[in-house]
Amino acid sequence: MTGHSGGAERNSAAEAEADEERAVAQALALVGRQAPPGTEPRSDARAGAREASGADPAADPWGAPGSEPRPSDRASDRSRDRPQPPDPDLDPDPDPDLDPDPARPDPAASPRHVDPIASPRPADPLASPRRASSTASAHRAGPNSPDHVESSPVPDRDRPAPHHRPHTRATPWGEARAIAARAGRAVAPRTVRLPLDQALGQVLAEPLAALTDLPSFDTSAMDGWAVAGPGPWTIRGNEGILAGHATLTPLPDGDAIRIATGARIPADVTAVIRSEHAHADEAKGLLHAQRQVDPGQDIRPRGQECRSGDQLLPAGTLVTPAVLGLAAAAGYDELPARPRPRVDVLVLGDELLTAGLPHDGLIRDALGPMIGPWLRALGAEVSAPRRLGDDAEALQQALTGSEADLIVTTGGTAAGPVDHVHPVLARIGAELLIDGVAVRPGHPMLLARLAAGGPYLVGLPGNPLAAVSGLLTLAEPLLSGLAGRTPEDPYRVAIRDDVHGHPHDTRLVPVVHCTSGAPGPASGSSTRRDNTGTGAGTDHVVPLHYNGPAMLRGVAAADGLAVVEPGGVRSGTEVEILDLPWAPATPWTEGCFT
């Protein structure tokens, strides 16, 4: 009996092992990923992470490529991806964007991907967009092989099949911004000439060169007396020189004449004496200086600011009110400018409401009201948002019929059953410049070129803070390049608290600038950076609460986003800061919201 019992146990163990292998194989087939022969089976990067943490990779077919984890998975996703348990006060919302990269499904429905980096890379079998079909792999692998897959796996009947597209290497965050900026600069520039009263907020298409000397003639810097030679000086009756009036004859030596600020200096004048520094003896008709008089004092010489032909500002300068004043002073009636980039905004998703309270599974559209004004703050000319729902044909018509320089879509960039952006881009022959960025939130953002020379498309994730991440990562540098703006140098500021990070990806965290001596703003200061580019105009930044990918509460109180490198940062570490487009013009008036 013992021998029979031992044999039965062995048979039972063998059957259990075979059942487990079949379950793993079915899960692999469901997510569409085959491991090379001789390797451990893995369905996708998410499954690999679960294997590393001891979880069963075959237990959840919802780990489909590009899909969001179920709510029940998010807590385990969060603890898996962060090196230490996060403070729930710093990040109260579980972050589905902290998942590792999705799987690499079938390339049949994917747009062409163009690697914008010139230097070739060695082939990476795990990053290859092409793979054998599940059936072919099953034929090659024996029934006892870890790669063996049943030829007809049981389908997941609880969920529509996702779109399949090849996995590409997630572009590092800094590299993605550089690619977007280069893409914008690659478009042939256009130039328009605008009257000064229409040029505010535009970008100079050409260097601004002085058309005249500034000032154009010697002028008085103060109200007072123009004098010639040593004093005391004889006052010339009731005469005086006003700004804008013709120049009198040369002033004789020993004479003084009243002069107004900005008036042209007569020839042979030695200096201007301010009214408060002189005493006029009306009875004797003499002027006495009450302080030492130096030759040339309070006279603005011709060409003091610039000479005709001097370059005042480079091309790419944003036209501010001060630039308009300088241009007018230098003789300009109109300015050569780069036209504002034209942007169309397409809001995707059947679940979105434009008014009222959420109900019956429907939610308010937060991105439609936010994206347009944000893009305008970045200098774009933005059309009213178009709400297309989850309609692939409507999306294709909108893309092929757009006359914009840039199209921005919200949502639909993953591989869910109604995520149509990738299939439509493939159908119209678009080129993917970036397909996924190693940043959290916002990993599934993309950048595509619809035709040679543009227009471009920036696909933003549907989660609101993830969309903000996409705006700052791809849309802002792309628009800067399209507009011909000179990019600002990055700056760094110390962060006050420890900030946990993703193991491999950059994190963008909403922050507010503060000073250590008070809970509120820096006294008398409304700038985030000094002229050294180090952010020395402020003491530190404080990371804000409510920074999950679906949250806007944190960024609404922020004036910038901190760039947190993989692994996180300790309190006191200097981090790069991305200013929000309206932040440099907004004084700190409400203190630090944490």
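The preceding data block contains the structure.
Residues numbered from 1 in each chain as written. Predicted model: local features only at pLDDT ≥ 70, side-chain atom pairs only at ≥ 80, totals over all residues. Heavy atoms only, no water.

Pulling in residues and values, what's your account of the overall build of the chain?
When you go through the chain residue by residue, the secondary structure sums to 11 helices and 30 strands. With 594 residues in all, the chain has 47% of them scored as buried. Restricting the contact set of the chain to residue pairs at least 6 apart, pairs at least 24 apart contribute 75%. Just so you have it, the chain exposes about 28,000 Å², and 52% of that area is on carbon and sulfur atoms. (Helix = DSSP H or I, 4+ residues; strand = E, 2+ residues; numbered from the N terminus. Buried < 20%, exposed > 50% of the residue type's maximum accessible area, 1.4 Å probe, protein only. Contact = heavy atoms within 4.5 Å. Areas by Shrake-Rupley, 256 points an atom, 1.4 Å probe, with all protein chains shown as cover.)

Pulling in residues and values, what's your account of the packing of helix 7 (residues 367-377) against helix 10 (residues 464-483)?
The N-to-C vectors of helix 7 and helix 10 enclose an angle of 25 degrees; their axes lie 11 Å apart at closest approach. Our classification of the angle between helix 7 and helix 10 gives roughly parallel. For helix 7 against helix 10, the interelement crossing comes out right-handed. Contacts from Leu367, Met370, Ile371, Trp374 and Leu375 in helix 7 reach Pro464, Ala467, Val468, Leu471, Leu472, Ala475 and Leu479 in helix 10. Of the residues contributing to the contact of helix 7 with helix 10, the split by class is 12 nonpolar, no polar and no charged. (Axes fitted to C-alpha atoms, helices over the stretch in contact; angles between N-to-C directions. Parallel < 35°, antiparallel > 145°, perpendicular 65-115°, else oblique. Left-handed = near helix turned anticlockwise from the far one by under 90°. Nonpolar A, V, L, I, M, F, W, Y, C, P; charged D, E, K, R; others polar.)

Break down the sheet that holds strand 3 (residues 192-195) for me, with residues and values.
The antiparallel open sheet is built from three strands, whose spatial order is 3-15-4. Each having just a single partner strand, strand 3 and strand 4 (203-204) make up the two edges of the open sheet. Judged from the two bridges that link them, strand 4 and strand 15 (residues 334-338) form a sheet pairing that is antiparallel. Residue pairing across strands places valine 203 opposite arginine 338, the latter belonging to strand 15. (Pairing = 2+ DSSP bridges.)

Any details on the pairing of strand 7 (residues 224-227)? Residues and values, ideally.
The pairing of strand 7 with strand 9 (residues 255-259) spans four bridges and is antiparallel. Each bridged residue has a counterpart across the sheet, and for tryptophan 225 the counterpart in strand 9 is arginine 258. Where strand 7 meets strand 10 (residues 271-274), four bridges bridge the pair, whose relative direction is antiparallel. Of the residues in strand 10, the one forming a bridge with valine 227 is alanine 271.

Help me get a handle on the nonpolar core, residues and values and all.
Core analysis: the largest hydrophobic core is formed by 49 residues, its most contacted members being Val343, Ile371, Leu375, Leu447 and Leu478. Per element, the largest residue contribution to this core is 10 residues, and it comes from helix 10. Not counting the four nearest positions on each side in its chain, leucine 375 is found in contact with Val343, Val345, Ala380, Val382, Val408, Leu471, Ala475 and Leu479. (Core = buried A, V, L, I, M, F, W, Y, C linked by side-chain atoms within 4.5 Å.)

Explain the packing of aromatic side chains to me, and be specific about the residues and the numbers.
One pass over the full model with this rule turns up one aromatic pair. Consider the rings of tryptophan 374 and tryptophan 582, whose centres lie 4.7 Å apart with planes at 75 degrees: the pair is edge-to-face. Of this pair, tryptophan 374 sits in helix 7 while tryptophan 582 sits in the segment after strand 30 (574-579), placing them 208 residues apart in sequence. On the basis of relative accessible area, tryptophan 374 is assigned to the buried category, the value being 4%. Take tryptophan 582: its relative accessible area is 37%, and that puts it in the partly exposed class. The ring of tyrosine 546 carries arginine 553 above its face, with NZ or CZ at 4.1 Å from the centroid. (Phe/Tyr/Trp six-rings, centres within 6.5 Å; stacked < 30°, edge-to-face > 60°. Lys NZ or Arg CZ within 6 Å of the ring centre and 35° of its normal.)

Report on the pattern of salt bridges, specifying residues and quantitative values.
One side chain can pair with another of opposite charge once the charged atoms of both are near each other. Considering all chains together, one arrives at 15 salt bridges under this definition. Shared partners join several salt bridges into a network, and the residues in it are Arg190, Arg342 and Asp405. (Salt bridge = Lys/Arg side-chain N within 4 Å of Asp/Glu carboxyl O.)

So what's going on with helix 5 (residues 173-185)? Residues and values would help.
Think of an α-helix as 3.6 residues a turn; residues three or four steps apart then line up on the same face. Along its 13 residues, helix 5 runs 19 Å from first to last C-alpha, staying within 8% of the 18 Å computed at 1.5 Å per residue. Buried residues of helix 5: Trp173, Ala176, Arg177, Ile179, Ala180, Ala181, Ala183 and Gly184, and no others. (Expected span 1.5 Å × (residues − 1).)

So what about the pairing of strand 15? Which residues, and what values?
Of all five residues in strand 15, four are buried, a share of seventy percent or more. Looking at chain direction, strand 3 and strand 15 are connected through four bridges and run antiparallel. Bridge assignment links leucine 194 to a residue of strand 15, and that residue is leucine 335.

Mind laying out the sheet that holds strand 12 (residues 286-289), listing which residues take part and the relevant values?
Backbone-to-backbone hydrogen bonds join strands into a sheet, with any given pair of strands oriented parallel or antiparallel. Pairing in this open sheet of six strands is mixed, and the strands run 10-7-9-8-12-11 from one edge to the other. Looking along the sheet, the strands with just one partner apiece sit at the ends: strand 10 and strand 11 (278-281). On average, each strand axis in the sheet is inclined to that of its neighbour by 40 degrees, with strand direction left out of account.

Give me unusual backbone geometry: which residues, what numbers.
For the bond running from leucine 214 to proline 215, omega is -10 degrees, close enough to zero to count as cis. If you trace the backbone, proline 215 turns up in the loop between strand 5 (208-209) and strand 6 (219-220). Going from arginine 440 to proline 441, the amide bond is cis rather than trans, its omega being -5 degrees. Relative to the assigned elements, proline 441 resides in the loop between strand 23 (437-440) and strand 24 (446-449). Non-glycine residue aspartate 298 carries a positive phi angle of around 55 degrees.

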